[in-house]
Amino acid sequence: MKPAGDKAVGNWLLLLAFMVFGMVVGGGHVRTIGAAFAIQTWRPFTGFIPPLNDAAWVHLFALYQQTAQFQAHPVTLDQFRALFWPMFWDRNWGRLMALAFLIPFAMFAWQRRLSLRLMVWVLAIFLAGGAQAAFGWYLVRTGLEPGMMMPPPLWAAPHFVTALLIFIALIWTGLTVKRPVPPMVEGVAWLRPWALASVLLLLVTMGFGALVATTDAITQFHSFPLMDGHLVPPGLFALHPLWWNFFANKATVQFFHRGLATLTFLIVLTTSVMGLRGADRYPGLRDNFLLLAGLVALQFILGMATAVMGAPELGYVHELNAVLLLAAAVCALHGLRGATSRSMLRSEFALAEHGNDRSPEHRRNALSS
Amino acid sequence: MSEVTLGRRAIDEGVSRRNRKWVAAWLLVSCFMIWVMVGIGGYTRDSGSGLSIMNWDPIIGALPPLSQAAWDKLFALYQTIPQYQLLHQGMDLAGFKTLFWPEYFHRLWGRLIGLEFFVPLVVFIVTRRIEARLIPWLALLFVLGGLQGAIGWFMVASGFDPNSVAVQPWRLSLHFSFAIFLYIAIFWTALTVLQPEPVKLPGLRGLKFWAIAALLCVGATMFAGTFVSGTHAVSIFDPAKNIGMGAPPPGYLSMNMFADKAAVLFNHQALATLTVLVLLATVTVTLRSQAPKPVRDAGLLVGALVILQFILGVTALVSQMFDIGVAHQMDAVLLLTACLLLLHRLRGAVR
């Protein structure tokens, strides 16, 4: 890796991160319309070809007819097609991502622009992407289990979170490749734990958001701030064992999502305000914090509106904005890599003012001026 | 700090920086008390207690009923008004007391503000701690404070009309708007006492226009909000029928803008949305400008409070919880304060 940073390699990784966002757009849509079980075959290499004749359609349709979802809610072939295409494009988007990874990767490796360390790391991210595809296929297969109406929250929510981890890894690596040497940000080292807390809280809250989506908890508690008149809904831990409530109890997942979201909102907003005050002399980082504040405010309002209206379509927008918000928080954390503490700032300032003269008198003068 | 006197903005030689801090602190305490008053008033309104005391005795009314006879007399008076007959038929004395205390406390707090304003004013004048040019202005504000009490009674009196169970919305709006006018006047005076000479800020004149626009937007939205509370317009919110969701109601243009609940709610919502956008733009411009730290901090305060205010407003609507409506009303005053602070700190902005 060049010391100055490799812009093309960095942009390639950021493009892949953006494509992960595109994948969330597709996956969220598939979930919202309930199309997850539509394609009961998995051909990683040849599956990019859609059914080309009636026989192929009939074959695919017959496979779908084995799912409990079809048996509970039979559809016609035309309705099946409407479920098929979103799922088809989501999978092909994944194939496109694999190409968008492999072709530039081979090119950059050929040009010897990737250090061994970076090569191993991005290959690991690629393998994680492949594992994520297999994980997705497992979710589709659960449709054949008796009584399974949609992918089980126990697995569907982690599928979303693992996608986010890949997303974060791509952004972080891309930004680091572009700027290997962190630009100095004076006196705000104390902000780093806040930014880190923001990213972690966002991840946890988004995990619970995925549970709300996959347990269909949106169908209940269309009120805010109370949940049907209760601060803490009754039956919060009605199921046994206790942990099962987090994957099957609509009241539990929505309650925790709301509570964590409020905490996250406050922490992210506080971080943004402190970032805007502390980094006001660094336009890039300042605008990053401004974006973070705007997105988190929008996110909270979208979440409220989704809960009150009980509208899955709005929940989908809420999901997409969450991913953008997470990206803004990760970028802010990355921008703080070169943050220095205030004491360092003072001593460096004194040194710069008075060269190597470290006499106490000179230092005092430097600090008071 | 220079004590030099220059033209119109003359500062009395005798008024030291320290004295000005005392005067400003007193005025800021007055602002805080008005802010609390806005909260008490909101609670009085939303709990429906405003009509429980049928007489207006500015001085001796400070004493609550002290004997059973006094209570019975007040309660008997309340039983004569339409609100009792239409809404609270058969209410007992204990029920009446829950209506009485908020209204009593609201009036008592008003008297306290009067004392808190008048006594230090006299002391500061006698001890010559206050600029001469401020004296008539502050005396006028004191008189206007008394007028606000009278407006309050004028408002309450409208609630005794035949078939009326609440005060007339326009009188409620007048009472609130006048309180806000007094608040703005006192707060601006306090800031100016603290910082008599504007700090010259070259290149920030555009930002000053944003701050003025922000203040006007907040004022307009608050004014529209007074009619939402006066007509209890949130009660028509119904997502299933798409009422109160932000779209103009059918037949909007032919509606009474200050009486029809659907129109009143829509006006407030539309103005609020515009205000949020203008304020967020103002905050963004402030934070991305070369403005000094105090201006930026005022901008940050505006940003945080406007987000809170929007969330509180939506929550008040969807939850129909009146405590949240009161919080929304109190946060509106805080937001207004932040806008005033921003504008005051930008007074010296030039091209």
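Computed from a predicted model, the values in this text were never measured in an experiment. Every chain is numbered independently, its residues counted from 1 as its sequence is written. Whichever chain is written first is A, and whichever ligand is written first is 1; the rest continue in order. For a predicted model such as this one, the threshold for reporting local features is a pLDDT of at least 70, and the threshold for listing and counting side-chain atom pairs is 80 or more; totals across whole chains, interfaces and linings nevertheless cover every residue. Side-chain measures here rest on the full set of heavy atoms in the structure, leaving out hydrogens and waters.

Participant: Residues and numbers for the overall build of chain A, please.
Facilitator: Here a strand is any run of E in DSSP of at least two residues, a helix any run of H or I of at least four, and the numbering for each starts at the N terminus. Across its full length, chain A carries 13 helices and zero strands. Seen in sequence order, chain A has helices and strands lined up from the N terminus as α-α-α-α-α-α-α-α-α-α-α-α-α. When the backbone C-alpha atoms are referred to their principal axes, chain A occupies close to 85 × 60 × 30 Å. Using a 1.4 Å probe on the protein chains alone, a residue whose accessible area is under 20% of its type maximum counts as buried, one over 50% counts as exposed, and one in between counts as partly exposed. The proportion of buried residues among the 369 residues of chain A is 47%. Only heavy atoms matter for contacts: two residues are in contact if any of them lie within 4.5 Å across the pair. For chain A, the proportion of contacts with a sequence separation of at least 24, taken over those separated by at least 6, is 79%. All accessible-area figures derive from a Shrake-Rupley calculation using a 1.4 Å probe, and residue coverage is judged against the displayed protein chains alone. When the accessible surface of chain A is totalled, it reaches about 18,100 Å², and 70% of it is carbon and sulfur. Only four residue types enter the tally: Lys and Arg on the positive side, Asp and Glu on the negative side; His and the chain ends are excluded. For the purpose of locating charges, the reference atoms are NZ of Lys, CZ of Arg, CG of Asp and CD of Glu. Between the centroid of the 25 positive side chains of chain A and the centroid of its 16 negative side chains there is a distance of 7 Å.

Participant: Which residues make up the domain arrangement of chain A, and what are the values?
Facilitator: Residues and elements named next belong to chain A. According to the domain assignment, chain A contains domain 1 (1-181) and domain 2 (182-338). Domain delimitation follows an automatic or database domain assignment. Averaged C-alpha coordinates put domain 1 and domain 2 at centres separated by 24 Å. Listed per partner, the contact involves 26 residues of domain 1 and 28 residues of domain 2. Two parts placed together each lose some accessible area under a 1.4 Å probe, and the buried area is that loss summed for both. Regarding the contact of domain 1 and domain 2, the summed buried area is about 2,500 Å², with carbon and sulfur atoms giving 80% of it. Every case where a carboxyl oxygen of Asp or Glu lies within 4 Å of a side-chain nitrogen of Lys or Arg is listed as a salt bridge. Inspection of the domain 1/domain 2 interface yields one salt bridge. For the salt bridge of Arg31 with Glu319, the shortest nitrogen-to-oxygen distance reads 2.4 Å. For the purposes of these results, a polar contact is taken to be a pair of N or O atoms within 3.5 Å, where, inside protein, one atom must be able to donate a hydrogen and its partner to accept one; residues adjacent in sequence count only when each atom of the pair is a side-chain atom. Here domain 1 and domain 2 share four residue pairs in polar contact (both at pLDDT 80 or more) between them. At 14 residues, helix H6 (residues 153-178) tops the list of elements feeding residues into the side of domain 1 that touches domain 2. Partitioned by chemical class, the residues of the side of domain 1 that touches domain 2 number 20 nonpolar, four polar and two charged. By the convention adopted, Pro, Cys, Tyr, Trp, Phe, Met, Ile, Leu, Val and Ala count as nonpolar, Lys, Arg, Asp and Glu as charged, and the other residues, Gly among them, as polar.

Participant: Tell me about the interface of chain A and chain B, and name the residues and values.
Facilitator: At the interface, 18 residues of chain A touch 18 residues of chain B. Summing both partners gives a buried area of about 1,600 Å² for chain A against chain B, and 73% of it is carried by carbon and sulfur. For the chain A face of the interface with chain B, the top three residues by lost area are Arg277, Arg286 and Leu290 of chain A, together amounting to 28%. Here chain A and chain B share four salt bridges between them. At the boundary of chain A and chain B, one finds three residue pairs in polar contact (both at pLDDT 80 or more). Elements supplying a minimum of two residues to the side of chain A that touches chain B: helix H9 (250-278) and helix H10 (283-309) of chain A. It is H10 of chain A that contributes the most residues to the side of chain A that touches chain B, nine residues altogether. Residue composition of the side of chain A that touches chain B, by class: 14 nonpolar, no polar and four charged.

Participant: Give me the pattern of salt bridges: which residues, what numbers.
Facilitator: As a working rule, side chains carrying opposite charge can pair if their charged atoms are close by. On inspection of all chains with the given rule, the structure shows 13 salt bridges over all chains. Between Asp6 of chain A and Arg113 of chain A there is a salt bridge, with its nearest N and O atoms 2.8 Å apart. Of this pair, Asp6 of chain A sits in the segment before helix H1 (7-33) while Arg113 of chain A sits in the loop between helix H4 (77-110) and helix H5 (116-141); the two residues are 107 residues apart in sequence, bridging distant segments of the chain. Residue Arg113 of chain A is classed as partly exposed on the basis of its relative accessible area, which comes to 25%. In this structure, Arg296 of chain B and Asp280 of chain A form a salt bridge, with 3.6 Å as the shortest nitrogen-oxygen distance. In this pair, Arg296 of chain B is assigned in helix H9 (residues 293-319) and Asp280 of chain A in the loop between H9 and H10, connecting two distinct chains.

Participant: Before we move on, could you go through the side chain of Thr286 of chain B and cite the residues and values that matter?
Facilitator: Residues and elements named next belong to chain B. Position of Thr286 relative to the elements: it lies in helix H8 (residues 261-288). The exposure class assigned to Thr286 is buried, which follows from its relative accessible area of 0%. Residues within four places of Thr286 in sequence aside, it is in contact with Leu207, Ala291, Val295, Arg296, Gly299 and Leu342.

Participant: Give me the lowdown on H1 of chain A, citing residues and values where you can.
Facilitator: All names here are of chain A. Any helix carries an expected span of 1.5 Å times its number of residues minus one. The end-to-end C-alpha distance of H1, which contains 27 residues, comes to 39 Å, matching closely the 39 Å that a straight helix rising 1.5 Å per residue would cover. Measuring from the side-chain oxygen of the N-cap residue of H1 to the backbone nitrogen of Ala8 gives 3.3 Å; that N-cap residue is Asp6. Phi turns positive, to about 70 degrees, at Gly34, one or two residues after H1.

Participant: Would you mind going over the packing of H9 of chain B against helix H10 (residues 322-345) of chain B in detail, with residue names and values included?
Facilitator: Residue and element names in this part refer to chain B. Relative to each other, H9 and H10 sit at 160 degrees, their axes nearing to 8 Å. By the angle between their directions, the pair H9 and H10 is classed as roughly antiparallel. As for how H9 packs across H10, the hand of that crossing is left-handed. Of the residues that constitute the contact of H9 with H10, the class distribution is 19 nonpolar, seven polar and two charged. Structural elements are reduced to axes, namely lines fitted to C-alpha atoms, with helices fitted over the stretch in contact, and the angle between N-to-C directions of any two is expressed from 0 to 180 degrees. Our angle categories are set so that under 35 degrees counts as roughly parallel, over 145 as roughly antiparallel, 65 to 115 as roughly perpendicular, and the remainder as oblique. Less than a right angle of anticlockwise turn of the near helix away from the far helix marks a crossing as left-handed, whereas a clockwise turn marks it as right-handed.

Participant: How would you summarise helix H4 (residues 93-126) of chain B if you had to cite specific residues and measurements?
Facilitator: Residue and element names in this part refer to chain B. With 34 residues, H4 extends 48 Å between its outermost C-alpha atoms, agreeing within 8% with the 50 Å of an ideal straight helix rising 1.5 Å per residue. Of all the bends in H4, the largest measures some 25 degrees and sits at Phe100, one to four residues before the proline Pro102. The first or second residue beyond H4 is Arg128, which carries a positive phi of 55 degrees. What the bend at a residue measures is the angle between two axes, fitted to the seven residues ending there and to the seven starting there.

Participant: Please give an account of the domain arrangement of chain B that cites residues and values.
Facilitator: Residues and elements named next belong to chain B. Split into domains, chain B comes out as domain 1 (1-196) and domain 2 (199-351). Using only C-alpha atoms to locate each centre, domain 1 and domain 2 end up separated by 24 Å. Across the contact, 25 residues belong to domain 1 and 22 residues belong to domain 2. At the boundary of domain 1 with domain 2, total buried surface from both sides reaches about 2,300 Å², with 74% on carbon and sulfur atoms. When residues of domain 1 are sorted by the area they lose upon contact with domain 2, Trp35, Asp46 and Trp188 head the list and together hold 25% of the total. For the interface between domain 1 and domain 2, the tally reads zero salt bridges. Linking domain 1 with domain 2 are eight residue pairs in polar contact (both at pLDDT 80 or more), by the criterion used here. Elements supplying a minimum of two residues to the side of domain 1 that touches domain 2: helix H1 (17-46) and helix H6 (169-194). Top element by residues in the side of domain 1 that touches domain 2 is H6. It accounts for 13 residues.

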